[in-house]
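Notes for the structure review
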Amino acid sequence: ARALADLGPEIAKSPEQTRDVARALAATIDRTTGKPGSNRLRENVVAAMVPLKDPGLAKVLFPLLAYRQENTTTVRRYAIRALAAMNATALREEIAQRIAETSLNDVEGGVRLEAATALGLVGTAAQANALYQHMYAPRETDQAVRDEAWKSLTSLLPEFPVIDLLSWAQVRFANQPEKQETVYVVLNAKLIPAG
């Protein structure tokens, strides 16, 4: 599994090889679910899925986001990475929604951090509220997650309509001039070409 993770970028160059390897990795996850002593194997198998960027693995990866005994912290983090790598597929919106609903609310700070980072890659304006909720205490206790949620939100701002950008700047960030400035820069970039 470790070797396949290392070879992943080369494997991904061949659609046929990608399919074969993805199928074998998915079968291994299925075979080891609930089996004692298989955590390290499962972690390496999910790590090997990351460079493949195969949308066919999404249905295998979605259940790995949940906080369960067989889904260690490392499995959940690699599952998020593997799904975020599929940001150029038709599954982008579903992936972003699953990460926002499940992983961004995980009990482990490292998993929430991975989720916040992933939403900057695969997220859309639809996940803006989820990121916003994780920018502040007491909802989010981890400062690194709060910072990453803001960073990911800023990467999504160009997707917002003008009216939403105005609302975020004037209402949500009313007493936060630095965040307002970030929103106004994006707004400016939209309004100048529009005359």
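Everything here concerns the structure above.
In short, a report on the structure.

So, how was this worked out
Residues numbered from 1 in each chain as written. Predicted model: local features only at pLDDT ≥ 70, side-chain atom pairs only at ≥ 80, totals over all residues. Heavy atoms only, no water. Helix = DSSP H or I, 4+ residues; strand = E, 2+ residues; numbered from the N terminus. Buried < 20%, exposed > 50% of the residue type's maximum accessible area, 1.4 Å probe, protein only. Lys, Arg positive; Asp, Glu negative; His and termini not counted. Salt bridge = Lys/Arg side-chain N within 4 Å of Asp/Glu carboxyl O. Polar contact = N/O pair within 3.5 Å; in protein donor to acceptor, adjacent residues only side chain to side chain. Contact = heavy atoms within 4.5 Å. Expected span 1.5 Å × (residues − 1). Arc of directions from axis to C-beta.

1. Considering the side chain of Arg 146
As for its placement among the helices and strands, Arg 146 is situated in helix H9 (residues 143-156). No salt bridge is formed by the buried Arg 146. Its closest oppositely charged neighbour is Glu 140, at 5.9 Å. Only 3.5 Å separates the side chain of Arg 146 from the backbone oxygen of Thr 141, close enough to count as a polar contact. Within the local environment of Arg 146, its side chain forms a polar contact with the side chain of Gln 143, the two groups lying 2.5 Å apart. Residues contacting Arg 146, with those up to four places away along its chain left out, are His 134, Met 135, Tyr 136, Ala 137, Glu 140 and Thr 141.

2. Comments concerning the pattern of salt bridges
Applying the stated criterion to the full structure yields 8 salt bridges. In this structure, Glu 10 engages Lys 13 in a salt bridge whose closest nitrogen and oxygen atoms are separated by 2.8 Å. Relative accessible area serves as the criterion here: at 61%, Lys 13 is assigned to the exposed category. Across the pair Arg 77 and Glu 114 runs a salt bridge whose closest N-O atoms are separated by 3.2 Å.

3. A few points about helix H11 (residues 177-191)
End to end, H11 covers 20 Å across 15 residues, agreeing with the expected 21 Å (1.5 Å per residue, within 8%). Every buried residue of H11 is listed here: Lys 179, Gln 180, Val 183, Val 186 and Leu 187. For H11, the angular spread of the buried residues around the axis is 125°, confining them to a single face. In H11, those exposed residues whose orientation departs by more than 90 degrees from the buried face are Pro 177, Glu 178, Glu 181, Val 185 and Ala 189.

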